[in-house]
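Chain and residue survey
The residues making up each chain are set out below.
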Amino acid sequence: MANQKTQNAEPAQDAAKSAKPVKGSKAGKAPQAEPGKIQQLREFFDQSVAEMKKVTFPTRKETVATGIAVLVMVVFMSLFLGLVDFGLAKAIGAILS
């Protein structure tokens, strides 16, 4: 089915490309959006809405649980890296003095 859509869109794109004014022409008209681009934009938004309907968001309980897990890991890693930094600073200070 996807091949049919792309095959149907190609002749429309080719026709739109050939209808563009020549670069050096003095038509004075603002460039217009190609009909295929509007169709593609509409299809993109339709597909985006369909995908958003498939999304399952976490419950409040799951969000709180993962948030607490993140905070615990941040505190643990902060303490660990602080101790390692303190130990290495003392070791370097002992070596250099």
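Note that residues are indexed from 1 along each chain, following the sequence as it is written. With pLDDT at 70 or above as the cut-off, local features in this predicted model cover only qualifying residues; side-chain atom pairs require 80 or more to be listed or tallied, and sums for whole chains, interfaces and linings still use all residues. Water and hydrogen atoms were dropped before computing side-chain values, which therefore reflect all heavy atoms in the structure.

1. Describing the overall build of the protein
A run of H or I in DSSP becomes a helix once it reaches four residues, and a run of E becomes a strand once it reaches two; helices and strands are each numbered from the N terminus. Helix and strand counts for the protein come out as 3 helices and 0 strands. Secondary structure elements in the protein, listed N-terminal to C-terminal, are α-α-α. Using a 1.4 Å probe on the protein chains alone, a residue whose accessible area is under 20% of its type maximum counts as buried, one over 50% counts as exposed, and one in between counts as partly exposed. Per-residue burial for the protein yields a buried fraction of 2% across its 97 residues.

2. Topic: the packing of aromatic side chains
Only Phe, Tyr and Trp rings take part, Trp by its six-membered ring, and two of them pair if their centres are within 6.5 Å. Stacked means planes under 30 degrees apart, edge-to-face means over 60, and tilted covers everything else. With the rule as written, the count across this model stands at 1 aromatic pair. Ring plane angle 70 degrees and centroid distance 5.4 Å describe the contact between Phe44 and Phe45, whose orientation is recorded as edge-to-face. Note on Phe45: relative accessible area 47%, which makes it partly exposed.

3. Let's talk about the confidence of the model for the protein
Do not read the predicted coordinates in detail wherever pLDDT is low. pLDDT measures the predictor's confidence residue by residue and takes values from 0 up to 100. On average, the protein scores 81 in pLDDT, and the residues at 70 or more come to 65%. Here helix H1 (residues 2-18) stands out as the least confident element of the protein, with mean pLDDT 51; helix H3 (residues 60-96) is the most confident, with 97.

4. With respect to the pattern of salt bridges
Salt bridge criterion: a side-chain nitrogen from Lys or Arg within 4 Å of a carboxyl oxygen from Asp or Glu. The tally for this structure, following the rule as stated, stands at 1 salt bridge. For Lys54, the salt bridge goes to Glu51, with nearest N and O atoms at 3.2 Å. Remark: Glu51 and Lys54 occur in helix H2 (residues 35-54); sequence separation between them is 3 residues, near one turn of the helix. Residue classification places Glu51 among the partly exposed residues on the basis of a relative accessible area of 46%.

5. Comments concerning a nonpolar patch on the surface
Like-charged residues are merged into a patch within 9 Å and nonpolar side chains (Val, Leu, Ile, Met, Phe, Trp, Tyr) within 5 Å, provided each residue has over 30% relative accessible area and no salt bridge. Note on areas: Shrake-Rupley, 1.4 Å probe, and residue coverage restricted to the protein chains presented here. On the surface, Met73, Phe76, Met77, Phe80, Leu81, Val84 and Leu88 cluster together to form a nonpolar patch covering roughly 670 Å² of accessible area. With respect to the helices and strands, the residue Val84 is situated in helix H3.

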